[in-house]
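The residues making up each chain are set out below.
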Amino acid sequence: MTWIIIAALIVVFIIGYRILTSDTRKAIDSLAHLLKVKPMLVESMIQEMGSRNSQTFIRVLNNGYTEEMHQAAYLLFIYLTFIKQADDHQIALWRETLMRAGLSPELHAEHTEAALFYFAELDIDAFELAQFRRAYNERFNQDAIANG
């Protein structure tokens, strides 16, 4: 009888956990699916945002609008190439990931502004991020800049 009660409590706990985290999992899975990456990378980024900004991010992603999903992809790009590891190999790898997802590889000011908002707790230097954007676009996207 004790085992039945314990098993019932475990089932209730698991179901409750799944319901409480369904929005987060949905947001993470949808972005990971768009970019064809492991959800762990998106989870890592969300943890770095802090509690308030991560909740805002999850709410925005769960609205289901394509533009917000694309903005989130650029946030992940900035997170992985500017905040975590800013080397040429990493940048080229994630640039290809953006292009595979059908997104432009060019970074715009609105992408860096969103990164400054969502990663506010990390105290990112706005000037350094703008320099990164400029250097990245000059080095990796010369054709897009010349034609656009």
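On a predicted model such as this, the values are computed, not experimentally measured, just so you know. (Residues numbered from 1 in each chain as written. Predicted model: local features only at pLDDT ≥ 70, side-chain atom pairs only at ≥ 80, totals over all residues. Heavy atoms only, no water.)

(A) Molecular detail of the environment of Leu 80. Among the secondary structure elements, Leu 80 is positioned in helix α5 (residues 66-84). The buried category is assigned to Leu 80, whose relative accessible area is 6%. C-alpha separation for the pair Leu 80 and His 108, spaced 28 residues apart in sequence, amounts to 17 Å. Ignoring any residue separated from it by four or fewer positions in sequence, one finds Leu 80 in contact with Leu 41, Gln 85, Gln 90 and Trp 94. (Helix = DSSP H or I, 4+ residues; strand = E, 2+ residues; numbered from the N terminus. Buried < 20%, exposed > 50% of the residue type's maximum accessible area, 1.4 Å probe, protein only. Contact = heavy atoms within 4.5 Å.)

(B) How the structure looks around the nonpolar core. Counting residues in hydrophobic clusters, the biggest one holds 38 residues, and the most contacted among them are Leu 31, Leu 35, Met 45, Phe 57 and Leu 75. Those elements that provide at least two residues to this core are α2 (22-35), α3 (39-49), α4 (51-62), α5, α6 (88-100), α7 (109-118) and α8 (126-140). Ranked by the residues each element gives to this core, the list is headed by α5, at 11 residues. The contacts of Leu 31, once residues within four sequence positions are left out, are Val 42, Met 45, Phe 57, Leu 61, Met 69, Ala 72 and Ala 73. (Core = buried A, V, L, I, M, F, W, Y, C linked by side-chain atoms within 4.5 Å.)

(C) Fine view of the packing of aromatic side chains. Scanning the entire structure with this criterion turns up 7 aromatic pairs. Taken together through their ring pairs, the aromatic side chains of Phe 77, Phe 82, Phe 132, Tyr 136 and Phe 140 make up a single cluster. (Phe/Tyr/Trp six-rings, centres within 6.5 Å; stacked < 30°, edge-to-face > 60°.)

(D) Highlighting α8. With 15 residues, α8 extends 21 Å from end C-alpha to end C-alpha; this agrees with the ideal 21 Å at 1.5 Å per step. Taken as a whole, α8 has its buried residues at Leu 129, Phe 132, Tyr 136 and Asn 137. Viewed end-on, α8 has its buried residues packed into an arc of 120 degrees, placing them on one side of the element. Facing away from the buried side of α8, by more than 90 degrees, are the exposed residues Phe 127 and Arg 139. By the N-cap criterion, in which a side-chain oxygen at the helix start approaches the backbone nitrogen of a residue two or three places on, α8 is capped by Asp 125, the distance to Phe 127 being 3.0 Å. (Expected span 1.5 Å × (residues − 1). Arc of directions from axis to C-beta. Polar contact = N/O pair within 3.5 Å; in protein donor to acceptor, adjacent residues only side chain to side chain.)

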